[in-house]
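Understanding the architecture of this molecule
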Amino acid sequence: VFNRMENLLGGQLFQRLFPVILTDNGSEFTNPNALENSPASGALRTRIFYCDPYSSWQKGHVENNHLNLRKVLPKGRSFDNLVQTDINLMLSHVNSLARKSLNGTTAAALFETIYGKEVLPKLEITPISPNAVCLLPELIEK
């Protein structure tokens, strides 16, 4: 995923967006060198830091996003049939949700303000009108 993101964004923008990645101790993060270093140049592209086990409070905003994602993908649902367009659609809706913590704006709108309108399309995220946001399993059911 990190390699795909670096290819989509280019090395400089990748480093600007992801200077640090805070994660749990999942098996997908067991090789920090492969994640931190660009396969294209070998240069350091990000830094990986791990939360303490059972300390979800250390990344509270991420956990809030997980709650929204679980509205679309409830526990017990297989991810096997998901394709990238499903994930992009789901993330477009989650990031277009007006949030109290952002004073009623959306994460997508705030992101565009900080990084510019040209970056979200590179991430394959499309802003959705807040009144059209759907966080139900029907969003991506096939």
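Description of the structure in this document. (Residues numbered from 1 in each chain as written. Predicted model: local features only at pLDDT ≥ 70, side-chain atom pairs only at ≥ 80, totals over all residues. Heavy atoms only, no water.)

Considerations on the packing of aromatic side chains
Evaluated as defined, the whole model comprises 2 aromatic pairs. Between Phe14 and Phe18 the ring centres are 5.1 Å apart and the planes differ by 45°, which places this aromatic pair in the tilted class. We classify Phe14 as buried; its relative accessible area is 0%. Judged by its relative accessible area of 25%, Phe18 is partly exposed. Plain terms: the ring middles of Phe111 and Tyr115 are 4.7 Å apart, the flat faces sit at 40° to each other, and that makes the pair tilted. Here Tyr115 and Phe111 lie together in helix H6 (residues 107-115), a separation of 4 residues that amounts to about one turn. (Phe/Tyr/Trp six-rings, centres within 6.5 Å; stacked < 30°, edge-to-face > 60°. Buried < 20%, exposed > 50% of the residue type's maximum accessible area, 1.4 Å probe, protein only. Helix = DSSP H or I, 4+ residues; strand = E, 2+ residues; numbered from the N terminus.)

Focus: the pattern of salt bridges
Overall, the coordinates contain 4 salt bridges when judged by the stated rule. Salt-bridge contacts for Arg45 lead to Glu6; the nearest nitrogen and oxygen are separated by 2.7 Å. Residue Arg45 is found in the loop between helix H3 (32-36) and strand E2 (47-50), and its partner Glu6 is found in helix H1 (residues 2-9); the two are separated by 39 residues along the sequence. In this structure Glu6 comes out as buried when scored by relative accessible area, which is 10%. Glu112 is paired through a salt bridge with Lys117; the nearest N and O atoms lie 3.5 Å apart. Among the residues examined, Lys117 registers a relative accessible area of 62% and is labelled exposed. (Salt bridge = Lys/Arg side-chain N within 4 Å of Asp/Glu carboxyl O.)

Examining the environment of Ser92
Mapped onto the elements, Ser92 comes out in helix H5 (residues 84-94). C-alpha of Ser92 to C-alpha of Cys134: the two residues are 42 residues apart in sequence and 9.9 Å apart in space. Apart from residues no more than four positions distant in its own chain, Ser92 is found in contact with Glu124, Ile125, Thr126 and Ile128. A polar contact of 2.9 Å, which involves the side chain of Ser92, links it to the backbone nitrogen of Thr126. (Contact = heavy atoms within 4.5 Å. Polar contact = N/O pair within 3.5 Å; in protein donor to acceptor, adjacent residues only side chain to side chain.)

Points about H1
Taken together, the buried positions of H1 are occupied by Phe2, Met5, Glu6 and Leu9. One side of H1 holds all its buried residues, which, seen down the axis, span an arc of 100°. Buried residues belonging to H1 abut helix H2 (11-17), strand E1 (20-23), H3 and helix H7 (119-122). Just downstream of H1, Gly10 is the residue with a positive phi angle, here 85°. (Arc of directions from axis to C-beta.)

Here we look at the environment of Tyr54
Tracing the sequence through the fold places Tyr54 in the loop between E2 and helix H4 (60-72). Accessibility expressed as a relative area gives 85% for Tyr54, which makes it exposed. Sequence separation of Tyr54 and Glu112 is 58 residues, and the distance between their C-alpha atoms is 33 Å.

Digging into H6
Here H6 has its buried residues at Ala107, Ala108, Phe111 and Glu112. Buried residues of H6 fall within an arc of 135° about the axis and therefore sit on the same side. Along its buried surface, H6 packs onto H2 and H7. Looking at the residues trailing H6, positive phi occurs at Gly116, about 100°.

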